[in-house]
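Residue-level structural notes
One letter stands for each residue in the lines below.
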Amino acid sequence: DTEVTQTPKHLVMGMTNKKSLKCEQHMGHRAMYWYKQKAKKPPELMFVYSYEKLSINESVPSRFSPECPNSSLLNLHLHALQPEDSALYLCASSQGLVVGTDTQYFGPGTRLTVL
Amino acid sequence: GQQLNQSPQSMFIQEGEDVSMNCTSSSIFNTWLWYKQEPGEGPVLLIALYKAGELTSNGRLTAQFGITRKDSFLNISASIPSDVGIYFCAGSRLQGAQKLVFGQGTRLTINP
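This structure is a prediction, so every number in the text was calculated from the model and none was measured. (Residues numbered from 1 in each chain as written. Chains lettered and ligands numbered in written order. Predicted model: local features only at pLDDT ≥ 70, side-chain atom pairs only at ≥ 80, totals over all residues. Heavy atoms only, no water.)

A count of helices and strands for chain A gives zero helices and 11 strands. Ordered by position from N to C terminus, the α and β elements of chain A give β-β-β-β-β-β-β-β-β-β-β. Here chain A has a C-alpha radius of gyration of 13 Å; the compact-globule value for 115 residues is 13 Å, and the two agree. The dimensions of chain A, computed from C-alpha atoms along their principal axes, are 40 × 25 × 25 Å. Within the span of chain A, comprising 115 residues, buried residues form 49% of the whole. In chain A, the proportion of contacts linking residues at least 24 apart, taken out of those at least 6 apart, comes to 55%. (Helix = DSSP H or I, 4+ residues; strand = E, 2+ residues; numbered from the N terminus. Rg over C-alpha atoms; globule rule 2.2 N^0.38 Å. Buried < 20%, exposed > 50% of the residue type's maximum accessible area, 1.4 Å probe, protein only. Contact = heavy atoms within 4.5 Å.)

Residues and elements named next belong to chain B. With eight of its eight residues buried, strand β9 (residues 85-92) lies for the most part within the structure. Pairing of strand β4 (residues 31-37) with β9, which is carried by seven bridges, proceeds in the antiparallel orientation. Residue pairing for β9: tryptophan 32 is matched across the bridge by glycine 91. Two elements, β9 and strand β11 (residues 106-111), share three bridges in a ladder whose sense is antiparallel. Bridge assignment links glycine 85 to a residue of β11, and that residue is leucine 108. With two bridges joining them, β9 and strand β10 (residues 101-102) adopt antiparallel strand pairing. Along β10, the bridge assignment pairs glycine 91 with valine 101. (Pairing = 2+ DSSP bridges.)

Our focus in this paragraph is the interface of chain B and chain A. Every contact between the two is made by 26 residues of chain B and, on the other side, 31 residues of chain A. Between chain B and chain A, roughly 2,100 Å² of surface is buried when both sides are summed, and carbon and sulfur atoms account for 54% of that area. Interface area lost by chain B to chain A is led by Gln98, Lys99 and Phe102 of chain B, which between them contribute 30%. Counting every contact that joins chain B to chain A gives two salt bridges. Mapped onto the side of chain B that touches chain A, the elements with two or more residues apiece are β4 and β5 (44-49) of chain B. The class makeup of the residues in the side of chain B that touches chain A is 11 nonpolar, 11 polar and four charged. (Buried area = accessible area lost by both parts, 1.4 Å probe. Salt bridge = Lys/Arg side-chain N within 4 Å of Asp/Glu carboxyl O. Nonpolar A, V, L, I, M, F, W, Y, C, P; charged D, E, K, R; others polar.)

The next subject is the sheet that holds strand β7 (residues 64-70) of chain A. Residue and element names in this part refer to chain A. Read across the open sheet, the four strands follow the order β1-β3-β8-β7; overall the sheet is antiparallel. At either margin of the open sheet sits one strand with a lone partner, and together these are β1 (4-7) and β7. Each neighbouring strand pair of the sheet contributes to a mean axis angle of 20°, computed without reference to strand direction. Sheet topology places β1 next to strand β3 (residues 18-25); four bridges connect them, and they run antiparallel. Counted as the bridge partner of threonine 5 is glutamate 24 from β3. (Axes fitted to C-alpha atoms, helices over the stretch in contact; angles between N-to-C directions.)

Let's shift gears to the environment of aspartate 102 of chain A. Topologically, aspartate 102 of chain A is positioned in the loop between β9 (87-94) and β10 (105-106). Measuring from C-alpha to C-alpha, the distance between aspartate 102 of chain A and alanine 87 of chain A comes to 26 Å, with 15 residues separating the pair along the chain. Setting aside residues up to four positions removed in sequence, aspartate 102 of chain A forms contacts with Tyr33, Ser94, Gln95, Gly96 and Leu97 of chain A together with Thr31, Ala97 and Gln98 of chain B. At 2.6 Å, the side chain of aspartate 102 of chain A and the side chain of serine 94 of chain A are in polar contact. At 3.3 Å, the side chain of aspartate 102 of chain A and the backbone nitrogen of glycine 96 of chain A are in polar contact. (Polar contact = N/O pair within 3.5 Å; in protein donor to acceptor, adjacent residues only side chain to side chain.)

Next up, the structure:
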């Protein structure tokens, strides 16, 4: 089983709203990722959690706040977003190897629209 | 950030034709991955390559990890309508294996 699940599938929010995106995997993976993807572009890395600790933050604005409650769950809290933050947000997971081979499996994504 | 050079950017082919796409880099990669993405969905892993020179098949798909470790190709034989989508290559290095570098994608369109 190589399934990563994400909820919700679609989200529309205003610039003053607070919302959260959720991601879950049960593959025993110890690394989880958030990516942002704009139309016709490859995914852009936002955050990496390794063994439930934030290991990489790609200079993401503070209006995006990640959280890893346990090794299976990853959240992305959203607050005071801008219309340009509208995108497909992808979660991924991998075994968690920092050195060597590590294969990432993606979830189906959350389509976010900020009005 | 760095990106892989993926070509072609788009392909328009007839059903039944074979497809070939590739990715190149000026840097060495330790792992090459090929993903397919359909509209509104996340990328789905097609083939993972871990050793230079490795040739791996997955049904009608075949991918190779270049000997120089700076390139990879993906071939699709006898294309069918459900092959439509965007194909991304991605590479990771020995150090910092958690950071993938992506190609710009190849958009495949098939005329029935």
